[in-house]
Structures are given as structure tokens and as C-alpha cells.
Amino acid sequence: MWRSVLFSVIASFIILLSSGCLFTDQRVNRNTNESVQVNADLPSGGDLIEIDSYEFIEEGLTTDIKKISQKLGLAPLPKTARPEEFEFRLWTNLGGLGDAKSLIVRSSGSENHAYFFDINRALDPIRFRKEHLASPKSGWNRVLFEVRNRLTTPKGLVRDPQFQLSRDEPVILLEVLDKGEYRRVFYGQNTSFQDGKRLIELCDYLTSEFDVDLDCHGERATP
């Protein structure tokens, strides 16, 4: 009888010891896994918010346009205005090697005006030639209709989500004050993005209507 009791005690001790070892092994393994996960989650040390190439170029263009506009005697377009006011400024060869160009069209009800600037930025101070343009060949009503139609069909221009700017490639930029709001978009003049090509096509159309050389494709800005 005592042998049976002794065997039961020894068996229970062995089972308890084995369970303890298993628990210990599981705890050690869990701690090991937790340690590996913590190491995997260490910060990379990179920027919290990445700046894409479009934003980077836009910062430089903002400074460039402000500087040029001051030399040309142009006040910056306001961020808001009366709904009936319409103005756009089309800039070409910004950031390129050649002379920058700008076509400015203002419309406020019965009055319409257009101005052309040929800007030599290589000189200090900047030198420019200004022309107060005659009415477009097709008339103001037709041209203003075409501008809206070409920029809104099938919808308004959007920025290129895959924007890239090759070295020395100039920029074509459009500023618009319309329906009381200011907006801006730009593309590389070698762009293959559809909306960029639409803006260049509009530039070609305006070149023909006002008989000015806007160098819409940046040909003379490319070495």
C-alpha cells in the first residue's frame, strides 16, 4: 500500500515539474518574440512628412514669380475677388535658360485687356519688353469662351501626380482668378501628362490669336 502512495506522489511531482518547465519555456519564447518585434518597430530616422518634387519646385516658382512680378509692376493676384472678375496669367520658360514670357488677360464685364511681357532674367536688374495687345483675331467673346471651354472640358486642369522635372526643363504655369478664387497649376514644358498638353495647346491657341511669341514648348530654353 505504501508503495502505491509513494508512486502516486512521485508521479504527481514529475507532472508538476514538467508543466513548470513548459510554462517557463513558453514565457521565454514569448519574451523573445516581443523583443524581436520591438526592434523591428524602431523609427527609420526619415522625415515625418515627405515633400514631393511638385511641392519643391512650387516653392521656387513662387519666389521667382513674386520677384519678376515686382519688376514688371504687377501686383500679386488676390486670393479672393468679386465673382465677375476674371484674369489669367500664363507664364512660360520659368526656370529655363531662355527668356521667360507672360500673357496676361483681364476681363471685367465690358472691359477686356491683354498684355504680353518678354522677360530677360539673365540681366541684373531684370529687363523686359511690355506690349498692350490689340483685340484677339476672333474677338473677345470667342477667345474667352475658348479659354473656358479648353480648360474645363472634360474637367479643370489638375496637377500631374507623377510630376518630374528633367534638368534645365522650363515650366509652363497658369495663374487664374475666376469665380472669386485664385488657383494655380504648372507642368514641365516637355510633359506627357494630358492636362499639361492641354495647357500647352491653349498656349499655342493664344499665341495665334494675339500674334505674340509665347514659346509654348520651351524650345529656345533647351540647350
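Report on the accompanying structure.

## Describing the state of the cysteines
Here's step 1: Under the definition given, this model contains one disulfide.
Here's step 2: Here Cys203 pairs with Cys216 through a disulfide, and the sulfurs are 2.0 Å apart. Here the S-S torsion is close to -80°, and the disulfide linking Cys203 with Cys216 is therefore left-handed. Within this pair, whereas Cys203 is found in helix 4 (residues 194-210), its partner Cys216 is found in the segment after helix 4, the two being separated by 13 residues in sequence.

## Quick look at the packing of aromatic side chains
Here's step 1: Using the criterion set out here, one finds seven aromatic pairs in the structure.
Here's step 2: Here the aromatic rings of Tyr54 and Phe186 are separated by 4.1 Å at their centres, their planes lie at 15°, and the arrangement is stacked. Placement of Tyr54 in helix 2 (residues 53-72) and of Phe186 in strand 6 (residues 181-188) is noted, with a sequence separation of 132 residues between them.
Here's step 3: For Tyr54, a relative accessible area of 4% translates into the label buried.
Here's step 4: Between the aromatic rings of Phe163 and Phe186, the centroid separation amounts to 5.5 Å while the plane-to-plane angle is 85°, which identifies the pairing as edge-to-face. Taken as a pair, Phe163 in the loop between helix 3 (140-152) and strand 5 (171-178) and Phe186 in strand 6 lie far apart in primary sequence, 23 residues in all.
Here's step 5: Classification of Phe163 as buried rests on a relative accessible area of 7%.
Here's step 6: Using a relative accessible area of 1% as the deciding quantity, one classes Phe186 as buried.
Here's step 7: In this structure an aromatic cluster arises from ring pairing among Tyr54, Phe163 and Phe186.
Here's step 8: Across the ring face of Tyr205, the terminal group of Arg150 is positioned such that the distance to the ring centre comes to 4.3 Å.

## Let's talk about the sheet that holds strand 1 (residues 86-94)
Here's step 1: One open sheet holds the six strands; their spatial order is 4-3-2-1-5-6, and the pairing between them is antiparallel. A strand with exactly one partner marks an edge of an open sheet, and here the two such strands are strand 4 (127-132) and strand 6. Averaged over all pairs of adjacent strands, the angle between strand axes in this sheet comes to 10°, irrespective of strand direction.
Here's step 2: The sheet contact formed by strand 1 and strand 2 (residues 100-108) spans seven bridges and is antiparallel.

## Here's the deal with the nonpolar core
Here's step 1: In this structure, Leu94, Leu206 and Phe210 are the most contacted members of the largest nonpolar core, which totals 46 residues.
Here's step 2: Elements with a minimum of two residues in this core: helix 2, strand 1, strand 2, strand 3 (111-120), helix 3, strand 5, strand 6 and helix 4.
Here's step 3: With seven residues, helix 4 is the largest single contributor of residues to this core.
Here's step 4: Excluding residues that lie within four positions of it along the chain, Leu94 makes contacts with Leu61, Asp64, Ile65, Ile68, Ala100, Arg121, Pro170, Val171 and Leu173.

## Let's talk about the packing of helix 3 against helix 4
Here's step 1: Relative orientation of the contacting elements helix 3 and helix 4 amounts to 170°, with a least axis distance of 10 Å. With respect to helix 4, the element helix 3 is oriented roughly antiparallel. Counting all contacts with helix 3, which are made through Trp140, Arg142, Val143, Glu146, Val147, Arg150, Leu151 and Thr152, the residues of helix 4 involved are Arg198, Leu199, Glu201, Leu202, Tyr205, Leu206, Glu209 and Phe210.
Here's step 2: For the contact of helix 3 with helix 4, the per-class residue count stands at nine nonpolar, one polar and six charged.

Basis of the calculations
- Residues numbered from 1 in each chain as written.
- Predicted model: local features only at pLDDT ≥ 70, side-chain atom pairs only at ≥ 80, totals over all residues.
- Heavy atoms only, no water.
- Disulfide = S-S within 2.5 Å.
- Helix = DSSP H or I, 4+ residues; strand = E, 2+ residues; numbered from the N terminus.
- Phe/Tyr/Trp six-rings, centres within 6.5 Å; stacked < 30°, edge-to-face > 60°.
- Buried < 20%, exposed > 50% of the residue type's maximum accessible area, 1.4 Å probe, protein only.
- Lys NZ or Arg CZ within 6 Å of the ring centre and 35° of its normal.
- Pairing = 2+ DSSP bridges.
- Axes fitted to C-alpha atoms, helices over the stretch in contact; angles between N-to-C directions.
- Core = buried A, V, L, I, M, F, W, Y, C linked by side-chain atoms within 4.5 Å.
- Contact = heavy atoms within 4.5 Å.
- Parallel < 35°, antiparallel > 145°, perpendicular 65-115°, else oblique.
- Nonpolar A, V, L, I, M, F, W, Y, C, P; charged D, E, K, R; others polar.

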